[in-house]
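Coordinate inspection notes
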Amino acid sequence: MVFKSDQLLIVVSILEGRHFPKRPKHMLVVEAKFDGEQLATDPVVHTDQPEFATELAWEIDRKVLHQHRLQRTPIKLQCFALDPLSSAKESIGYIVLDLRTAQETKQAPKWYQLLSNKYTKFKSEIQISITLETDTKAQVDSFKAKGAPPRDGKVPASLHGVDPKDIVAVLNEEGGYHQIGPAEYCTDPFILSVTIAFATQLEQLIPCTMKLPERQPEFFFYYSLLGNDVTNEPFNDLINPNFEPERASVRIRSSVEVLRVYLALHSKLQIHLCCGDQSLGSTEIPLNGLLKKGSAEINHHPVTVEGAFTLDPPNRAKQKLAPVPLELAPTVGVSVALQREGIDSQSLIELKTQNGHEPEHSKKRVLTPIKEKTLTGPKSPSVSPVPPQNQTPPTKDDATESEVESLQFDKEPRRNVGGISSIPASLAQPVATSNASEMVTSGQKIAVPATSHHFCFSIDLRSIHGLELSFPVNCILRYSYPFFGSAAPIMTNPPVEVRKNMEVFLPQSYCAFDFATMPHQLQDTFLRIPLLVELWHKDKMSKDLLLGIARVQLSNIFSAEKTRFLGANGEQCWRQTYSESVPVMAAQGSNNRIVDLSYTVTLEDYGLVKMREIFVSDSSQGLSAVQQKLSSPPPAPCPSEIQMEPRETLEYKAALELEMWKEMQEDIFESQLKQKELAHMQALAEEWRKRDRERESLVKKKVAEYSILEGKLQKALTELENREQQLASAEVELQRERKELQSERERNLQELQDSVRRAKDDCVHQVELERRKLKQLEEDKHRLQQQLNDAEKKYKILEKEFHQLKDQQSNKPEIRLQSDINLLTLEKVELERKLESATKSKLHYKQQWGRALKELARLKQREQESQMARLKKQQEELEQMRLRYLAAEEKETVKTEQQELLDIRNELNRLRQQEQKQYQDCREIASGKAGSPQGSTLEEGLDDYLTRLIEERDTLMRTGVYNHEDRIISELDRQIREALAKNIASNQ
């Protein structure tokens, strides 16, 4: 008996669609929901034949599946159209799948038509198949449909009348927070933050068949927080992912009960590891444990959900990947914290880095609408603004690669990079010649005027906001100001994504420049030459695009208030700070605003420069490494002095100083070469160790995969051997059954032959019996025929005798009288029948005549009403024409009535004649029946005539058409009077 696993997978394969309209700016997504668990396909282009090619799977127990089938639990698929620009989701239609149709055998996919289709002119269909598969992954904490967490989002009694569907996050731009729930319940401020701290074993997510980009790929984590897309800093090494922890936070205004219902509805936060636009793996962070029912923990301290969560590759069920051991499983360290605003929070998660120590601080990324600022570094009144230590030096373009190779980056913050000095020149003054020579790379000298001041100018590009474009921008800012001593462009890094209604703070946007110039020259330059800040859109698939340019007027710094502070050596210094937002105008096309740039500039004046000569590096093209030499003006020689020795002359001292400088430069050059060689060797060794670790990890991964494959092959071989044994035993059983069937067939054939032989014998005997019966029947037939002939002869004789007797009887008188009486009786009956028929026809005619009169009256009345309406309308328009028309109509009506009366009169005459004829016939019949006196017959005729006249008059009066003044009624009254007079006269 084959063993059936209790763990199953309900797999819904969504393959493709057809008969969809083309909407190039939209995407199609199918969401499937079963037992409270919702899955969705990846967005595809909205074409007429979209290709989804996605499998959605639910883990379920066999017993629970049986219960769902008994309850007829459906699987509902909802199709949506997504707008990538506005993130609007529009419902197109849905499909309901019956769980009872799912079988463990593979079935062919079917086309299902969308119900409640929005596209009424299109019969959109999706090809779907539903199957049951055995779940080979045996995990203790695997999700089961029976143990699924409740997702009904029941509203507590304190929120009576609130629909859970109305509890959504709405951005309040003016207040700078997200409102969750109705306004009357949103009284408490909260802060929800998500921190991604570390990741391990990420190389397990990349299958051997996957091809990464040829260039060094960049990986990053992505998640959506209240509708805001969040990504961390990209990193390149999957084996040893080295990225700084980042925290994204949003401000929320709601209440504890509303937040509990909202987190029950949106109970999971998905975090994806991405490479470009492709998701390599994802995990889900449960959020419903933040606010437990009946707990007031959030009122005292922040509530957190944190730990190391396992990343699963996408479509594991579709790829049929083997389970990974726990020690090799890819994980990501995440901390989700919720607190009331104003309570200090401190994450308890252990931040792991490559060196195994906890970093001093983590980056904090603030999403819209949070108005906080990312702190880039401290600023003290005695030290020039210094870029923060966690920021890398500003990047350069491809034209300065040779310059980058010639510079050595040190861990000390006092080194200059790319022509940007992070320490004022007064603080970088050397103590001894040996120390000062470390910063010299060339022997070129620049004379500094005596009135020059030492300035430090810092630029902090804080944020960009108010994007006017309809698409998101992956932007960097770039600028260059050669007056500060560097022609190399300064750029922010990495690129940040900006959307509408968002304020994004720029990373690594702080730079400080140290230089020496005269104040009036500085003012003149700032007035004449503005700072041009370029906004570039970075795209991995295409070239960088210049979107716009912002003009920053640096002369505004002189209008700011001056503040005094003490320098490093106790001298008095001045500082001016100015902040402003300037628009970024489009670089091409119409000169429209694209976005607003917020910046802060600071100018610090350290007073007069104490050094008169500065050595500038030729190899760095004047981009940094400034050495200042202490010099004091030599005393003027007096003519009275004795002539000095040759070694004491200025020429000898200059030559000696030049030789010493050459030796010092040679030493510096050799030390630099050694440092470069050491750095290159260290880089090569590190690269070798890195690649060795990668090879070792890949070998371990391959060994694990091969071990799993070996186990599968061993299992398959065992199954094949068992199957061969089963086939052999089945073949023996088949041979035995074949022999039994053969013997049974022979036995059945013999029995069939015996039954056929017995049937033939019975048939022969039955035929013989039938022949005998037929012979007996023929004899009986002849006997009966003879008897019939004898009976016919007797009948003819009797009939002849009957006719003779009848003739004898007919000659008697009584017989003739009786026949006459019979004839007269028949004639009487016939006449009575005719009389009755005539009476019935008369009554029928009267009824028809009455109906005709009523119909005539209705038609007449209707015609009169219509004529009156027409006449009334015409009377309003033309009075004279109405009168003429009315007269003509009246005349025509009179003629019509006269014609109708004439027809009625003719009809009455005809009826009278007919009545008279009938009366005469009746009288003749009555006279034939009995000889009554002539006087009584006449009286009866007058009475009938009088009765008929009265009935006709009453019939005409009942129609309502005639009255006593009409001619026909008057005529009938006259005839009635005459008939009454005749009747009275005859009675006298």
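Parameters at a glance
- Residues numbered from 1 in each chain as written.
- Predicted model: local features only at pLDDT ≥ 70, side-chain atom pairs only at ≥ 80, totals over all residues.
- Heavy atoms only, no water.
- Helix = DSSP H or I, 4+ residues; strand = E, 2+ residues; numbered from the N terminus.
- Contact = heavy atoms within 4.5 Å.
- Areas by Shrake-Rupley, 256 points an atom, 1.4 Å probe, with all protein chains shown as cover.
- Buried < 20%, exposed > 50% of the residue type's maximum accessible area, 1.4 Å probe, protein only.
- Patch = residues over 30% accessible without salt bridge, like charges linked within 9 Å, V, L, I, M, F, W, Y side chains within 5 Å.
- Salt bridge = Lys/Arg side-chain N within 4 Å of Asp/Glu carboxyl O.
- Core = buried A, V, L, I, M, F, W, Y, C linked by side-chain atoms within 4.5 Å.
- Phe/Tyr/Trp six-rings, centres within 6.5 Å; stacked < 30°, edge-to-face > 60°.
- Lys NZ or Arg CZ within 6 Å of the ring centre and 35° of its normal.
- Pairing = 2+ DSSP bridges.
- Axes fitted to C-alpha atoms, helices over the stretch in contact; angles between N-to-C directions.
- Polar contact = N/O pair within 3.5 Å; in protein donor to acceptor, adjacent residues only side chain to side chain.
- pLDDT = per-residue confidence, 0-100.
- Arc of directions from axis to C-beta.
- Disulfide = S-S within 2.5 Å.
- Lys, Arg positive; Asp, Glu negative; His and termini not counted.
- Charge placed at Lys NZ, Arg CZ, Asp CG, Glu CD.

**Concerning the overall build of the protein chain**
Helices and strands together make up the secondary structure of the protein chain, namely eleven helices and 34 strands. Excluding contacts between residues fewer than 6 apart, the proportion of contacts in the protein chain whose partners are at least 24 apart in sequence is 70%. Carbon and sulfur atoms make up 54% of the accessible area of the protein chain, which amounts to about 63,600 Å² in all.

**Remarks on the environment of Phe221**
Following the sequence through the fold, Phe221 ends up in strand 13 (residues 219-225). On the basis of relative accessibility, which here comes to 0%, the residue Phe221 falls in the buried class. Along the backbone, Phe221 and Asn232 are eleven residues apart, and their C-alpha atoms lie at a distance of 5.7 Å.

**Here's the deal with a nonpolar patch on the surface**
Nonpolar side chains collect at one region of the surface, where Tyr652, Leu656 and Met660 lie side by side and expose about 290 Å² of accessible area between them. With respect to the helices and strands, the residue Met660 is situated in helix 7 (residues 650-810).

**Considering the nonpolar core**
Phe221, Tyr223, Leu273, Leu290, Val336 and Leu338 are the most contacted members of the largest nonpolar core, which has 46 residues in total. When contributions to this core are tallied by element, the ones reaching two or more residues are strand 12 (188-200), strand 13, strand 15 (246-254), helix 2 (256-265), strand 16 (268-275), strand 17 (278-286), strand 18 (303-310) and strand 19 (331-340). At six residues, the largest contribution of residues to this core is made by helix 2. Sequence-distant contacts of Tyr223, defined by excluding residues within four places in its chain, comprise Val194, Ile196, Asn228, Asp229, Val230, Ala248, Leu269, Gln270 and Ile271. In this structure, Cys475, Tyr481, Leu554 and Leu603 belong to the second largest nonpolar core, which totals 39 residues.

**Looking at the packing of aromatic side chains**
Overall, the coordinates contain 18 aromatic pairs when judged by the stated rule. Between Phe484 and Phe526, the ring centres sit 6.3 Å apart and the planes meet at 85°, which makes this aromatic pair edge-to-face. Of this pair, Phe484 sits in the loop between strand 23 (473-481) and strand 24 (486-491) while Phe526 sits in helix 6 (residues 519-528), placing them 42 residues apart in sequence. Since its relative accessible area comes to 0%, Phe526 is described here as buried. With 6.2 Å between their ring centres and 90° between their planes, Phe565 and Tyr606 make a pair best called edge-to-face. With Phe565 in strand 30 (residues 562-566) and Tyr606 in strand 32 (residues 593-608), this residue pair connects regions lying 41 residues apart in the sequence. When sorted by exposure, Phe565 lands in the same class as Tyr606, which is buried. Counting every residue linked through ring pairs, the aromatic cluster contains Phe455, Phe457, Tyr481, Phe483, Phe484, Phe513, Phe515, Phe526 and Phe558. The ring of Phe80 carries Lys89 above its face, with NZ or CZ at 4.7 Å from the centroid.

**Overview of the sheet that holds strand 17**
Spatially, four strands are ordered 14-13-16-17 in an open sheet, and the strand pairing comes out antiparallel. For this open sheet the edge positions go to strand 14 (228-231) and strand 17, each flanked by a neighbour on one side alone. Between one strand axis and the next, the sheet turns by 25° as a mean value, whatever way the strands run. Bridging between strand 13 and strand 14 involves four bridges; their strand directions are antiparallel. The partner of Ser224 across the bridge, within strand 14, is Asp229.

**Some points on the side chain of Ser697**
Within the element layout of this structure, Ser697 appears in helix 7. Only 3.2 Å separates the side chain of Ser697 from the side chain of Glu203, close enough to count as a polar contact. If we ignore the near neighbours within four places in the chain, the residues touching Ser697 are Glu203 and Ile239.

**Describing the pattern of salt bridges**
Applying the stated criterion across every chain, the model contains 38 salt bridges. We note a salt bridge from Asp188 to Arg340, for which the minimum N-O separation is 3.4 Å. With Asp188 in strand 12 and Arg340 in strand 19, the pair connects residues that are 152 residues apart, well separated along the chain. Classification of Asp188 by relative accessible area gives partly exposed; the value is 22%. With a closest N to O distance of 3.0 Å, Lys268 and Glu284 form a salt bridge. Here the residue Lys268 occupies a position in strand 16, and Glu284 occupies one in strand 17, the gap between them amounting to 16 residues. If you follow the salt bridges from partner to partner, you end up with Arg23, Glu90 and Lys118 in one network.

**Some details on the confidence of the model for the protein chain**
Close inspection of predicted coordinates is inappropriate in any region flagged by low pLDDT. In the predicted model, the protein chain carries a mean pLDDT of 76, and 76% of its residues have values of at least 70. Segment residues 928-933 is flagged for pLDDT under 50; beyond a separation of four residues in sequence, or across chains, it makes three contacts in the model.

**Quick notes on helix 6**
What helix 6 keeps buried is the set Leu522, Thr525 and Phe526. The buried side chains of helix 6 occupy one side of the element, clustering within an arc of 95° when seen end-on. Of the residues in helix 6, the exposed ones pointing more than 90 degrees away from the buried face are His520, Leu527 and Arg528. Looking at the buried residues of helix 6, the elements they touch are strand 22 (453-465), strand 23, strand 27 (510-517) and strand 32.

**Remarks on the state of the cysteines**
Counted by the stated rule, this structure contains zero disulfides. Unpaired in this structure, Cys275 has its nearest cysteine sulfur neighbour in Cys274, at a distance of 8.8 Å.

**Here we look at helix 2**
With seven of ten residues buried, helix 2 lies mostly within the body of the structure. Those residues of helix 2 that fall on the buried side of the exposure criterion are Val256, Val258, Leu259, Arg260, Val261, Tyr262 and Leu263. Contact partners of the buried residues in helix 2: strand 10 (169-172), strand 11 (177-180), strand 12, strand 15 and strand 19.

**Regarding the sheet that holds strand 1 (residues 7-18)**
Judged by pairing direction, the sheet is antiparallel, and its four strands sit side by side in the order 5-1-9-8 without closing on themselves. Both edges of this open sheet fall to strand 5 (51-61) and strand 8 (110-113), since each of them pairs with a single strand only. When the angles between neighbouring strand axes are averaged without regard to direction, this sheet yields 30°. Bridge analysis of strand 1 against strand 5 gives nine bridges, and the strand direction is antiparallel. What sits directly across from Ile10, in strand 5, is Trp58. Across the sheet, helix 1 (residues 62-70) lies against strand 1, strand 5 and strand 9 (125-134), angled at about 105° from strand 5, the strand it touches most.

**Considerations on unusual backbone geometry**
What is expected of a backbone is that most residues other than glycine have negative phi and most peptide bonds are trans. Here the bond from Asn493 into Pro494 is cis, since omega is 0°, no more than 30 degrees from zero. Looking at the secondary structure, you find Pro494 in the loop between strand 24 and strand 25 (496-498). The backbone phi angle of Ser87 is positive, close to 60°, even though this residue is not glycine. With respect to the helices and strands, Ser87 occurs in the loop between strand 6 (74-83) and strand 7 (88-98).

**Some details on the environment of Thr825**
Take Thr825: it is sitting in helix 8 (residues 813-877). A polar contact is formed between the side chain of Thr825 and the backbone oxygen of Ile821, at a distance of 2.8 Å.

**A short note on the pairing of strand 30**
As judged from the five bridges shared by strand 30 and strand 31 (residues 572-586), these two strands associate in the antiparallel manner. Its bridge partner being in strand 31, Phe565 is matched across the sheet by Cys573. The antiparallel pairing of strand 30 with strand 31 creates a hairpin that spans five residues between the two strands, and Gly570 there sits at a positive phi of about 90°.

**So, a negative patch on the surface**
Together, Glu659, Glu663, Glu666, Asp667 and Glu670 make up a negatively charged patch on the protein surface. Here Asp667 lies in helix 7.

**Some thoughts on the environment of Arg478**
Mapped onto the fold, Arg478 is located in strand 23. Looking at Arg478, the relative accessible area reads 23%, which means it is partly exposed. The spacing of Arg478 and Glu534 is 56 residues in sequence and 5.1 Å in space, taken between C-alpha atoms.

**Some details on the pairing of strand 32**
In terms of burial, strand 32 is a largely internal element, 14 of the 16 residues being buried. Here strand 22 runs beside strand 32; their pairing, made up of eleven bridges, is antiparallel. Its bridge partner being in strand 32, Phe455 is matched across the sheet by Asp605.

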